[in-house]
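# Structural characterization, general
Each chain, written out:
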Amino acid sequence: MDLALAPETLARWQFGITTVYHFLFVPLTISLAALTAILETAWVRTGKEHYLRATKFWGKLFLINIAMGVVTGIVQEFQFGMNWSDYSRFVGDIFGAPLAFEALIAFFFESTFIGLWIFGWDKLPKKLHCATIWIVSIGTVLSAYFIIAANAFMQHPVGYKIVERDGTKRAELTDFAKVLFQETTIVNFAHVISAAILVGGAFMTGIAIFHLRKKQHVRTMRMSMRLGLVTAFVGTLLTVISADTLGKVMYEQQPMKMSAAEALWETEKPAPFSLFAYGDVSKGHNDVAIEIPGILSFLAKNNFNAEIPGINDLNKEAQEKFGPGDYRPNIPTAYWSYRWMIGFGGVSMVLCTAGLWLTRKKFWLAPEHRTGADDVPKLMLTKKRELTPKLGKWWWRLSQWTLIFPLIGTAWGWIFTETGRQPWVVYGVLRTEDAVSPGVSQGEVLTSLIAFTLIYAILAVIEVKLLLKYIKKGPPELTEADLNPPTKIGGPGAGKGSDSDSDDDADRPMAFSY
Amino acid sequence: MELHDVWFVLIAVLWIGYFFLEGFDFGIGVLTKLLARNRVEKRVLINTIGPVWDGNEVWLLTAGGATFAAFPEWYATLFSGFYLPLLIILICLIVRGVAFEYRAKRPEERWQTNWEHAIFWTSLIPALLWGVAFGNIVRGVKIDAHKEYVGNFWDLLNPYAILGGLVTLTLFTFHGAVFASLKTVGDIRVRARKMALGLGLVTAVLALGFLIWTQADKGDGKSLIAMIVAVVALVGAIAAIKIGREGWSFALSGITIAAAVAMLFLTLFPNVMPSSLNEEWSLTVTNASSSPYTLKIMTWCAGVATPVVLLYQSWTYWVFRKRIGTQHIADAAH
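Residues numbered from 1 in each chain as written. Chains lettered and ligands numbered in written order. Predicted model: local features only at pLDDT ≥ 70, side-chain atom pairs only at ≥ 80, totals over all residues. Heavy atoms only, no water.

### Re the overall build of chain B
Stated formally: Elements are defined by DSSP. Helices are runs of H or I of four residues or more, strands are runs of E of two residues or more, and each kind is numbered from the N terminus. Any residue under 20% of the maximum accessible area for its type is buried, any over 50% is exposed, and the rest in between are partly exposed; the area is computed with a 1.4 Å probe on protein chains only. The contact criterion used is simple: two residues touch if any of their non-hydrogen atoms lie within 4.5 Å.
The secondary structure content of chain B amounts to 11 helices and two strands. In chain B, the order of α-helices and β-strands from amino to carboxyl end is α-α-α-α-α-α-α-α-α-α-β-β-α. Referenced to the eigenvectors of the C-alpha coordinate spread, the extents of chain B come out at roughly 60 × 40 × 40 Å. Here chain B, with 334 residues, has 63% of them falling under the buried criterion. Considering only residue pairs separated by 6 or more positions, chain B has 80% of its internal contacts joining residues 24 or more positions apart.

Here you go:
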């Protein structure tokens, strides 16, 4: 059988495509849920209308995203059984538990309360309505936690023993607390959530800039832009801190992955950080290497002189331990995905820091840049500190597109962490080639790969078009009903008090309908 | 009762929950073409399940996750064995979810019509295929000594399983029609009742055939009781809708679903997936289950979480308890 079309290869492609695709919606969902909840809380507490408009606007974009996140998530749960049945048999005892917890604790929360939030504008008092989006937000975070606990077990298996039953070996759980709370889980979770915060902040900033550039919805968007920038800035700080911790943990647990990320073929002391490398995988060395000495040692071990093991030595070590074979992941993929992750993350960091600086209070309020309360301040700074107007214009226009940078960064992050683990599906315990479904034919996997890719591509076009439509449309005008939510559960008009009203109100259109 | 038996029951309960809840929202999806006369009526129907269908679907995800955790061998054999039908179901669920959320988000007629077609087909096909899948599980499929499914796609399309599929399709549509008559006002409610009556009779004929076949083939005393409950409840549901007791009818059509699913699980036990090749090779609650430790943790989780879930999901139904009609659909809403 042609290796390129072997069921294992196809199943891996399918997993990669469906996972990366699913994960475009996950970080956006996590952060937009929280941001929407924050905005609605601001509306409930202050009663200022622009907060409500912002809630409705960002909430709508959130809903368009979560719809895709939910439906693509279903595939994630079922493809373990479909394409990776031997994996499921081997680790189901351990891996299934966090998945079931996720469904029972997080999914039910999310999906039930999102229904209440969408349709509940005229049915719930505003504080209660606000609480539903907070519960959705908590649900998204819990869901991420359980899934990352499951993934962390694949990266660094703990709390299990290998048992033989009916002639086949499988892993059995011995300590669930270890799986849920091991360092790998916590550090990974911190990194993923930080990145999600960054993604949502950048998304909000980019869209707010779009409207400010057009000088529309200024009040709402100016507030959104600042909120987005602060969010992105906090996210980027947390991402860097968690990345540093995660890197060190990885060097302890998965040195091969990290050395592959650096194309560090031979063990070195001190080890340099690679800026650019081009090499020959079959010979195991780099032809071109541009490096900064000592930095890798510092990043990995907090010591500029630490010894860092190279790929070739690690491979030999693994061969001694696990028998003959190639224990290297795909080095170019690991190397470049790592760089793209850091690159897009780093650029975002610079941009949101710059954005935060440029839009700080005195620029916003500088009298010469204002003509009215809701006017767009001139970001294109002339005179002493200002850039030329032309550059300024492009600055705005470009910055609007940076909204997707963190999203690209997170996608590469997953590609890195998952390919870097190869050839293992459970690190050091189960090989990917032993995890596929033995009974599933090449044709079947190919069919599903094509089906999912096609349908995901079509949905991507639809989703982006829809997002653009609603982005361009901007925040909605508020109606009387929006500003006077019911005071009693079960509205509409439940708050009006007397029963004589209820007949009229019974025929009032729903505040939201499909 | 050992823990793996408890989990067998819990998984049956999850499927009952799933078919009870998503049963009527699949039914509503099918009825958008059978019952609604115009676009506004379609929207009325869709909005009867608007706030709840997403929560209903999680019952499936939970059933899947719980099977993975409590019976990994069952999960592995079932999902890799029923590969193509499952693929079709997954694609339907993807498109269906998006269709509900996106249909009203653009005003163009073609956009909305396309999503309406999607809602119909992606409700009908899973409603049919779940029955086919369960028919095959109960009947037994070609499982070899390594717990692998060795049959092919066409083996799954046998008369018994297809009859099972038609039963779930008609039963869910009936259940949906009763739900529609319970949740709407005006003309559409009157027609929903009439349609429920007709659908109920068709369902009764098919279901009776399927259940008797099942009982004759695999049944024992317990399954007979479940079967009788299912049949009596179905007849009751039809009678109740005839005399206009919509709430009773809905409760009874729900009981029909619960009892029928319970009957299938009763005929399975202690197998979870019998082998048609050799009885020795069947997957059972013991040889397919997780370790007692995992089951214990899962039991704690389910014991604490399930009542809470039931509580807040019921609350949702209560919040949205009002009937809706064409007057509640604002023209400009999207």
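There's more to say after this.
### Thoughts on the overall build of chain A
This is how it is decided: Methods summary: accessible areas were calculated by the Shrake-Rupley approach with a probe of 1.4 Å, and residue burial reflects only the protein chains presented.
Counting secondary structure elements, chain A contains 17 helices and six strands. Split into buried and exposed, the 514 residues of chain A put 57% on the buried side. Once local pairs closer than 6 in sequence are excluded, the contacts in chain A between residues at least 24 apart make up 75%. Accessible surface, chain A as shown: approximately 21,400 Å² in total, 64% of it carbon and sulfur.

### Some words on the interface of chain A and chain B
Test applied: Defined in terms of a 1.4 Å probe, buried area is the accessible area two parts forfeit on being brought together, summed over both. We define a salt bridge as a contact between a side-chain nitrogen of Lys or Arg and a carboxyl oxygen of Asp or Glu at a distance within 4 Å.
The interface of chain A with chain B comprises 84 residues on the first partner and 81 residues on the second. The contact between chain A and chain B buries some 7,200 Å² in all, and 69% of this surface belongs to carbon and sulfur atoms. Of all residues in chain A, Arg89, Phe108 and Tyr514 of chain A give up the largest surface area on contact with chain B, accounting jointly for 13% of the area buried on that side. The interface formed by chain A and chain B contains two salt bridges. Measuring nitrogen to oxygen at the nearest pair gives 3.3 Å for the salt bridge that ties glutamate 148 of chain B to arginine 89 of chain A.

### A short note on the packing of helix α5 (residues 83-102) of chain B against helix α6 (residues 109-139) of chain B
Residues and elements named next belong to chain B. Selection criterion: Interaxial angles span 0 to 180 degrees and are taken between N-to-C directions of axes, which are lines fitted to C-alpha atoms, for helices over the stretch in contact. By definition, turning the near helix anticlockwise from the far helix through less than a right angle yields a left-handed crossing, and turning it clockwise yields a right-handed one. When residue character is reported, Ala, Val, Leu, Ile, Met, Phe, Trp, Tyr, Cys and Pro are called nonpolar, Asp, Glu, Lys and Arg charged, and the others, Gly included, polar.
Here α5 crosses α6 at 145 degrees, and the two axes come no closer than 8 Å. Of the two elements, α5 crosses α6, and the hand of that crossing is left-handed. Residue-level contacts link Pro85, Leu86, Ile88, Ile89, Cys92, Val95, Arg96, Val98, Ala99, Phe100 and Tyr102 of α5 to Trp111, Trp115, Ala118, Ile119, Thr122, Ser123, Ile125, Pro126, Leu129 and Trp130 of α6. For the contact of α5 with α6, a count of residues per class yields 18 nonpolar, two polar and one charged.

### Digging into the pattern of salt bridges
Within this structure, the stated rule accounts for 24 salt bridges over all chains. For the salt bridge of glutamate 418 of chain A with arginine 421 of chain A, the shortest nitrogen-to-oxygen distance reads 2.7 Å. One salt bridge connects glutamate 116 of chain B with arginine 39 of chain B, and the closest N-O pair in it is separated by 3.1 Å. Taken together, the residues span a long stretch of sequence, with glutamate 116 of chain B in helix α6 and arginine 39 of chain B in helix α2 (residues 39-49) at a distance of 77 residues. The structure contains a network of salt bridges with shared partners spanning Asp86 and Arg89 of chain A together with Glu73, Lys147 and Glu148 of chain B.

### What about the packing of aromatic side chains?
Residues and elements named next belong to chain A. Definition in use: Classification of ring pairs uses Phe, Tyr and Trp, with its six-membered ring standing for Trp, and accepts pairs whose centres are within 6.5 Å; under 30 degrees between planes counts as stacked, over 60 as edge-to-face, and the remaining range as tilted.
Tallying each qualifying case throughout the model produces 64 aromatic pairs over all chains. A centroid spacing of 5.2 Å and a plane angle of 55 degrees characterise the contact between phenylalanine 101 and phenylalanine 176, whose relative ring orientation is tilted. Taken together, the residues span a long stretch of sequence, with phenylalanine 101 in helix α3 (residues 85-119) and phenylalanine 176 in helix α5 (residues 176-181) at a distance of 75 residues. The class of phenylalanine 101 is buried, set by a relative accessible area of 10%. Classification of phenylalanine 176 by relative accessible area gives buried; the value is 6%.

### Overview of the confidence of the model for chain B
Residues and elements named next belong to chain B. Heads up, the condition is: For every residue, the pLDDT score states the predictor's confidence, bounded by 0 at the bottom and 100 at the top.
Per-residue pLDDT for chain B has a mean of 92; in total, 99% of the residues score no lower than 70. Ranking the elements of chain B by mean pLDDT puts strand β2 (residues 283-284) last, at 88, and helix α7 (residues 159-183) first, at 95. The complex model carries a pTM of 0.90, and its ipTM stands at 0.89.

### Points about the UniProt feature "transmembrane region" (unreviewed entry) in chain B
Residue and element names in this part refer to chain B. Selection rule: UniProt positions are given in the numbering used here, feature names are shortened, and annotations may be inferred rather than shown by experiment.
UniProt marks residues 6-36, 82-99, 119-140, 160-182, 194-213, 225-243, 250-273 and 293-312 with the feature "transmembrane region" (unreviewed entry), using the numbering shown here. End-to-end, the C-alpha atoms of residues 82-99 are 25 Å apart, and along that stretch the chain is 94% helix and 0% strand. Counting secondary structure, residues 194-213 comes out at 100% helix and 0% strand; the distance between its end C-alpha atoms is 29 Å.

### Quick word on a nonpolar patch on the surface
Residue and element names in this part refer to chain A. For clarity, the threshold we go by: Patch membership needs two things, relative accessible area over 30% and no salt bridge, and members are linked within 9 Å if like-charged or within 5 Å if nonpolar (Val, Leu, Ile, Met, Phe, Trp, Tyr).
A cluster of nonpolar side chains, contributed by Leu275, Phe276, Tyr278, Val288, Ile290, Ile292, Trp336 and Trp340, occupies part of the molecular surface with about 750 Å² of accessible area. Among the secondary structure elements, those contributing two or more residues to the nonpolar patch are β3 (273-280), β4 (285-292) and α11 (331-358). In this fold, tyrosine 278 is placed in strand β3. Accessibility expressed as a relative area gives 53% for tyrosine 278, which makes it exposed.

### Here we look at the pairing of strand β2 (residues 168-173) of chain A
The following threshold applies: Between any two strands, pairing holds if DSSP finds at least two bridges.
Looking at chain direction, strand β1 (residues 160-165) of chain A and β2 of chain A are connected through six bridges and run antiparallel. Note on β2 of chain A: the bridge partner recorded for tyrosine 160 of chain A is leucine 173 of chain A.

### A look at the nonpolar core
Worth spelling out the cut-off: For the purposes of this section, nonpolar cores are sets of buried Ala, Val, Leu, Ile, Met, Phe, Trp, Tyr and Cys residues that join through side-chain atoms within 4.5 Å.
Ranked by size, the top nonpolar core spans 223 residues in total, and within it Trp58 and Tyr87 of chain A together with Trp15, Tyr102, Trp115 and Phe265 of chain B carry the most contacts. Looking at which element gives the most residues to this core, the answer is α3 of chain A, with 19 residues.

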